[in-house]
Every structure is written in structure tokens, then in C-alpha cells.
Amino acid sequence: MISLYDIGELKTILDERRVSSGDSVRRLHSHDESFHAPVLPDVVVWPHTTDEVSRIVRFACRHKVPVTAWGAGTSLEGNPIPVKNGIVIDFNEMNHIIEVRPEDFQVDVQAGVIYKELNKSLTGEGLFFPPDPGAAATIGGMIGNNASGIRSVRYGATRDYVMRMVVVLPNGDVIRTGNRARKCSSGYNLTALFVGSEGTLGIVTEATLKLVGLPVNYMAVRATFPAVFNATDAVYSIMRAGLTPSAMEFLDANVVHVLNHDRGLKLEENPTLLMEFHGFSNQGLMEEMNFVEEICRTNEALSIDCGIGAEERARLWEIRHQTYESIKRYHPGLAPLIMDVAVPISRYSEMVAFCRREVGDLTAYLFGHAGDGNIHVHVVDDPQDKKRWARVEESGNNIVMKALEFEGTCTGEHGIGIGKCRYMQTEHGESLALMKQLKKLLDPDNLFNPGKFFL
Ligand SMILES: Cc1cc2nc3c(=O)[nH]c(=O)nc-3n(C[C@H](O)[C@H](O)[C@H](O)COP(=O)(O)OP(=O)(O)OC[C@H]3O[C@@H](n4cnc5c(N)ncnc54)[C@H](O)[C@@H]3O)c2cc1C
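This one's a predicted model, so the numbers in the text were calculated from it and none came from an experiment. (Residues numbered from 1 in each chain as written. Predicted model: local features only at pLDDT ≥ 70, side-chain atom pairs only at ≥ 80, totals over all residues. Heavy atoms only, no water.)

Caption draft 1: Structural view of the domain arrangement of the protein chain. Domain annotation of the protein chain identifies domain 1 (4–92), domain 2 (97–213), domain 3 (217–323) and domain 4 (331–415). Taken together, the contact between domain 2 and domain 4 spans 9 residues of the former and 7 residues of the latter. Approximately 510 Å² of surface area, both sides summed, lies buried where domain 2 meets domain 4, with 42% of it carried by carbon and sulfur atoms. The tally of links between domain 2 and domain 4 comes to 0 salt bridges. Joining domain 2 to domain 4, the criterion identifies 4 residue pairs in polar contact (both at pLDDT 80 or more). (Domains from an automatic or database assignment. Contact = heavy atoms within 4.5 Å. Buried area = accessible area lost by both parts, 1.4 Å probe. Salt bridge = Lys/Arg side-chain N within 4 Å of Asp/Glu carboxyl O. Polar contact = N/O pair within 3.5 Å; in protein donor to acceptor, adjacent residues only side chain to side chain.)

Caption draft 2: Quick look at the sheet that holds strand E18 (residues 376–381). With antiparallel pairing, the 7 strands of this open sheet are ordered in space as E15-E12-E14-E13-E17-E18-E16. A strand with exactly one partner marks an edge of an open sheet, and here the two such strands are strand E15 (303–308) and strand E16 (335–339). Mean inter-strand twist for the sheet, computed between neighbouring axes without regard to direction, equals 15°. Judged from the 5 bridges that link them, E16 and E18 form a sheet pairing that is antiparallel. (Pairing = 2+ DSSP bridges. Helix = DSSP H or I, 4+ residues; strand = E, 2+ residues; numbered from the N terminus. Axes fitted to C-alpha atoms, helices over the stretch in contact; angles between N-to-C directions.)

Caption draft 3: Structural detail: a nonpolar patch on the surface. On the surface, Tyr188, Leu190 and Leu193 cluster together into a nonpolar patch covering about 340 Å² of accessible area. For Leu193, the position within the fold is in helix H7 (residues 190–194). (Patch = residues over 30% accessible without salt bridge, like charges linked within 9 Å, V, L, I, M, F, W, Y side chains within 5 Å. Areas by Shrake-Rupley, 256 points an atom, 1.4 Å probe, with all protein chains shown as cover.)

Caption draft 4: Fine view of the site of the ligand. The local shell around the ligand holds 36 residues, among which Ala69, Thr74, Ser75, Pro133 and Thr138 are the closest. A distance of 2.9 Å separates an oxygen atom of the ligand from a polar backbone atom of Ala72. A distance of 3.2 Å is found between an oxygen atom of the ligand and a backbone nitrogen or oxygen belonging to Asn79. When isolated, the ligand has an accessible area of 980 Å², and the protein chains bury 95% of it. If you list the elements that add at least two residues to the shell around the ligand, you get strand E3 (67–70), helix H5 (139–145), strand E10 (203–210) and helix H12 (323–330). Looking at side-chain class alone, the shell around the ligand contains 15 nonpolar, 17 polar and 4 charged residues. (Near = heavy atom within 4 Å. Nonpolar A, V, L, I, M, F, W, Y, C, P; charged D, E, K, R; others polar.)

Caption draft 5: Quick peek at the pairing of strand E8 (residues 162–168). Taking burial as the measure, the 7 residues of E8 include 6 buried ones, the bulk of the element. Bridging between E8 and E10 involves 6 bridges; their strand directions are antiparallel. Bridging from a neighbouring strand, Val167 pairs with Val204 of E10. Pairing geometry for E8 and strand E9 (residues 174–178), over 5 bridges, is antiparallel. Within the sheet, the bridge partner assigned to Val168 lies in E9 and is Val174. The turn joining E8 and E9, which pair antiparallel and follow one another in sequence, is formed by 5 residues; a positive phi near 95° is taken by Gly172. (Buried < 20%, exposed > 50% of the residue type's maximum accessible area, 1.4 Å probe, protein only.)

In C-alpha cells, the structure reads:
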């Protein structure tokens, strides 16, 4: 617990307005979007510069106070919950796009920039930053979780786009990692180490991100299938055929039902695949479209709706936006346990079938980034009902263990946070000891986002 006296010292580093121990501010920073129990920080601060972050961290180090970085708090595994209280560093006011370098396909940003805002401002340059987690996430939070999303099947995850970073270490030292070259064989890849470390090793204040050109043209397909395995088999066939979807999403019939109800739609309530392809000429996209249609038909598609151009893409993809919110609205008062396993693409059908069997007696929705072998199982229930919630957790556990048996991962994109700590040993085996040593080396007093990653 930080004393009022110590909070006074923090106010000498930042001005009074940017240090708050007020109840409503602490409550806002006590939870993310997961079901994990909220924990109040002692104080929240809003730095503007790397130097201020460094001074806050030096203060914390001197007083042995935990520090948790905060982007937008949209995580789904309790990642930014300050479970040992202490200081939350909110990057909301450190949100400047420092420099766009279109000639190098790069942008330098502060950690608090919202990626959607970044992409809006890059449109004029004909460029964009592809990882797209959907929520209004910050670049710092995306780096923290190595976020990805619907476009990762073609473009990859956040880690693939971070070239350089400014990082504040747990002793307050500031280091710079990486460079601006598009390839590099020099030294250990510290940039990659910090990406996905959820603020447990260092706090990112600035980053240089790789950008790509905006697609010239689009083709989109929405196909429905009689059974889940027809849809998931089609995913494999499309990838196997060498087609390169930019997005490939699976929705089970329950999800389509909720979307119909929430948005007043009249879609067929069957397992559904949504796909997007990027290309240049109408003719090239048309050929791809015919090929995709053929593969869907071979997998017994019940309906195939497709089109070329930005408007067609918007029409066919409209249903996928806000899926999470639609499910939430459909079950007021209940909480979701969201699983995020990913498996090799050849095991995707088996994995999805296993998930469906496993949650058979529960209220569950299956959807996910099928092209990446990533499935989200969204089980909705009441965490206060201990017996029922134990069953929900049991199903989650069985699903993760099956994904690990398939040589996959407990989390494709949401991160470890609180919820997945217990799988670290099974997933990483003897490498976990090295991860613990790295943590000890950089953060001997366990002050950076404690209570995450390791049990
Ligand atoms: C509706 C919805 C849909 C989502 N869909 C996806 C999806 O498709 N793909 C996906 O990947 N995620 C998804 N998410 C999860 C979440 O949006 C992402 O993980 C996102 O990247 C979190 O960003 P944030 O700014 O909210 O970070 P926060 O939740 O605030 O923080 C995330 C982690 O990063 C750390 N952190 C924050 N800032 C920094 C920093 N400057 N330096 C170091 N560490 C830092 C935090 O301590 C925490 O551990 C979804 C969430 C919601 C609510």
C-alpha cells in the first residue's frame, strides 16, 4: 500500500492532475473485459514522456511497489489487472504519432496510440498497420499481448510489425531495441522478447511499426454448411490449395442465431465461413472466387454468397463486427469464459469438434480465426454459481489440454494474464525455467505486473 506521503512524492514527478488515488479512477483500472475479479490499484498515473515513466519506475523500485502498465484495459485474461495493487501507469495521454515515414513503410508512435486512430490517420498515405484485435486497443497493449485478429492469417501478429522500441526496465533504466532495417541478423532479438511479455519484463513507451500498402481491391465470400466439420474441412482445403485469404472466420450456428436476434438479421442459422481476399484485378479476384466456391461446394456448402469490391466486402462482413458485444447483450448479467486455443491447421476440424462436444451441456458460442487454427469458445454463465462455474472451468481446462495434446497453444492471441498461468508448465516444459530466470534477471523484486505468467 502506498502512503499518502509517497503519493505526494509521485506528484513531484508528474503534476497533481496526472496522479490520482480517487475511488472511481481506481475502480476503472481494477478490471479488464474478462470475468477475473477486479483488484484496485493504490494510485493511477498518466505520464507524457519516457523520462516520466522512468522516474515513476525508479520511485516504485525504491519503495518496492508493483507497477502495471495500462493501455485501454480491453484484455480478456486479466492481463492488466493490478493483482498486487501498487501503481497503474495509464498510457492514455502518451498518444502521439511521432513520425510517419511513408518512404520506409514505417511509423513511430507513443505507446498510448489507439491502433484504429493510427490506421485512420494513415489512410491518406495509402498505408496501414494490419494487426486488428477489434477492440479499441492501444499499441502498447497490443505489444503487451502480441495481439492479432482477423487479418493475421495473411499479415501476421503484432510481433511481426514491431521494428524498434523504447523500453523502461524494472530498475528505471531506458533501453532502445531493434533498428529500421527490414532484415537483421544482429544479436539477440530483444524486441521480440518484450513483445507478448504483458509488461512483466519492461514497459514500452515508444515503438516503430512496419506498415503495408492498403489493398487495391477486395473479394469476399460468406458460405454456410450443414455441419461444423464441413466448414472446418473447407478451411483446410482452401489453405491447402495455396489460396491466401486475408481473413477467414468461422462462426457456429449459435453465434449466427444471436446475431440474427441482436441485429434483426435473417441469416441461415448454420455453421458459417466468412472470407476476405485482397488483390489487384477484378479478373484475378474472380478466378479466386470461382475456386473458393468450388471448394465450398465440394465440402457440401448449403449457400454461397460472394462479391468483389469494397461495398461487397462490407455487406458480407457486416455480421462479424461486434460479435462479442452481441453475445454479451444476449445474456445480460452473465459473464463469459473465453477460450483462445490455437492448433496446427490440420487439427482444426478435430479441435472444433472436440470443443463442441466438451461444451455440449453449457451455453457456448464457437467462433474464431479459422485460417490461423485459432478458435474462441465463449461460454456464458454465472461465476457466482460455484457449481456451474466449476463445470465451465472444467470444460475450459479440457479444451486447453486437448489443444496442447495437438501441439498447439493455450492462447493464440489473448495472452496468459491470470487465466492461463496454470498451463505454462505443460505448454513450455523445461523452457519455463529459463523464462523464470529471465524474469528474475530483469525484475529481481517482481515489481512489473506481478501475479501474471507464473503461478
Ligand atoms: C470485443 C473484444 C474483441 C477482442 N478481439 C481480439 C482479437 O481478435 N485479437 C486479439 O489479439 N485480442 C482481442 N481482444 C483482446 C484485447 O483487445 C487485445 O489483447 C488488446 O491488444 C489489448 O490492448 P489494450 O490497449 O486494451 O491493453 P490492456 O488490456 O490495457 O493491456 C494488455 C497487456 O499489456 C500490458 N501493457 C499495456 N500497455 C503496455 C506498455 N506500454 N508496455 C508494456 N506492456 C503494456 C498490460 O499490462 C497488459 O498486460 C479483444 C477484446 C475485446 C474486448
